[in-house]
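# Results of the structural survey
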Amino acid sequence: MSTATYPPPPPYYRLYKDYLQDPDSAPEPPPPIEGTYVCFGGNYTTDDVLPSLEEQGVRQLYPKGPNVDFKKELKSLNRELQLHLLELADVLVERPSQYARRVEEISLIFKNLHHLLNSLRPHQARATIIHILELQIQRRKQAVEDIKRRREEAQRLLQEAIGTLEGQ
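Residues numbered from 1 in each chain as written. Predicted model: local features only at pLDDT ≥ 70, side-chain atom pairs only at ≥ 80, totals over all residues. Heavy atoms only, no water.

In the annotation of an unreviewed UniProt entry, the protein is listed under the name Mediator of RNA polymerase II transcription subunit 7 and assigned to Punica granatum. In its Subcellular location (unreviewed entry) section, the UniProt entry covering the protein states "Nucleus". (UniProt positions renumbered as here; feature names shortened; annotations may be inferred.)

Structure, rendered in structure tokens:
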């Protein structure tokens, strides 16, 4: 297979030849993909749903349901993780051959921690957008106040100029 330094453009460039004279002559973009699709050999979905731990084959260590106290559960899992890490250190010192079970328990705790944190991502995204919008509103209000102040200053200067001209 030979390659050219500057290969010709793809054939669909001809669809845009009259674009400068008539921008509506270009073809419509394809509709957005919905559902599942394949990209670079991987299957992806447009549904942004966090799979449950059971769907991933992982035992859930915190209570199920919509009324989970995230702060309490994260603190609890963090304390449990610290305890298991200390136990792992103890096992490594006294019975090095029995470390695998402790590592699996620590892995389970980490997976539960990650799942809880990922459950908070939509809330974090909303809070971030709200913060950004509030900052934009604040900046725009400051810009309006600056414009008003400059307009008043310009009107004052005009009045002084008119007064100076009338006084001559």
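Looking now at the pattern of salt bridges. Within the structure shown, the criterion is met by 9 salt bridges. For glutamate 87, the salt bridge is made with arginine 102, and the minimal N-O distance between the two is 3.1 Å. Taken together, the positions of glutamate 87 in helix H1 (residues 70–94) and arginine 102 in helix H2 (residues 99–119) put the pair 15 residues apart, joining distant regions of the chain. The exposure class of arginine 102 is buried, given its relative accessible area of 16%. In this structure, arginine 149 engages aspartate 146 in a salt bridge whose closest nitrogen and oxygen atoms are separated by 2.4 Å. Of this pair, arginine 149 and aspartate 146 both sit in helix H3 (residues 121–167), 3 residues apart, which is roughly one turn of that helix. The class of arginine 149 is partly exposed, set by a relative accessible area of 45%. (Salt bridge = Lys/Arg side-chain N within 4 Å of Asp/Glu carboxyl O. Helix = DSSP H or I, 4+ residues; strand = E, 2+ residues; numbered from the N terminus. Buried < 20%, exposed > 50% of the residue type's maximum accessible area, 1.4 Å probe, protein only.)

It is worth spelling out the layout of surface pockets at this point. The calculated volume of the largest pocket comes to roughly 200 Å³. As for the largest pocket, its lining consists of 15 residues, of which Tyr62, Gly65, Val68, His115 and Ser119 are closest to the centre. For the lining of the largest pocket, the leading source of residues is H2, giving 3 residues. (1 Å grid on protein atoms, 1.4 Å probe; cavity = no way out; pocket = protein on both sides within 12 Å on 5 of 7 lines; lining within 4 Å. Points joined across faces, edges and corners; volume = space filled by probe spheres on them.)

The UniProt record marks residues 130–164 with the feature "coiled-coil region" (unreviewed entry), using the residue numbering of this structure. For residues 130–164, the helix share is 100%, the strand share is 0%, and the end-to-end C-alpha distance is 51 Å.

In the contact formed by H1 and H2, the axes pass within 9 Å of each other and the chain directions differ by 160 degrees. As the angle between them shows, H1 and H2 are arranged roughly antiparallel. By crossing handedness, the relation of H1 to H2 is classed as left-handed. (Axes fitted to C-alpha atoms, helices over the stretch in contact; angles between N-to-C directions. Parallel < 35°, antiparallel > 145°, perpendicular 65-115°, else oblique. Left-handed = near helix turned anticlockwise from the far one by under 90°.)

Bringing a negative patch on the surface into the picture now. Taken together, Asp18, Asp22, Asp24 and Glu28 make up a surface patch of like negative charges. Looking at where glutamate 28 falls in the secondary structure, it is placed in the segment before strand S1 (36–39). Residue glutamate 28 is classed as exposed on the basis of its relative accessible area, which comes to 71%. (Patch = residues over 30% accessible without salt bridge, like charges linked within 9 Å, V, L, I, M, F, W, Y side chains within 5 Å. Areas by Shrake-Rupley, 256 points an atom, 1.4 Å probe, with all protein chains shown as cover. Lys, Arg positive; Asp, Glu negative; His and termini not counted. Charge placed at Lys NZ, Arg CZ, Asp CG, Glu CD.)

Take the pairing of strand S2 (residues 42–45) next. With 4 bridges joining them, S1 and S2 adopt antiparallel strand pairing. Across the sheet, residue valine 38 finds its bridge partner in S2, namely asparagine 43. (Pairing = 2+ DSSP bridges.)

Helix length check: H2, at 21 residues, gives a terminal C-alpha distance of 30 Å against a target of 30 Å (1.5 Å per residue), a fit within 8%. Of all the positions in H2, only Arg102, Ile106, Leu108, Ile109, Asn112, Leu113, His115 and Leu116 are classed as buried. Tucked into the core, H2 has its buried residues touching H1. (Expected span 1.5 Å × (residues − 1). Contact = heavy atoms within 4.5 Å.)

What follows concerns a nonpolar patch on the surface. Where nonpolar side chains cluster on the molecular surface, the patch consists of Tyr12, Leu15, Tyr16, Tyr19 and Leu20 and spans about 610 Å² of accessible area. Looking at the element boundaries, leucine 15 is found in the segment before S1.

Generally, phi is negative for residues other than glycine and the peptide bonds are trans, each holding for most cases. Of note in this structure, phenylalanine 40 is not a glycine but carries a positive phi near 55 degrees. Within the secondary structure, phenylalanine 40 is located in the loop between S1 and S2. On the basis of relative accessible area, phenylalanine 40 is assigned to the exposed category, the value being 86%.

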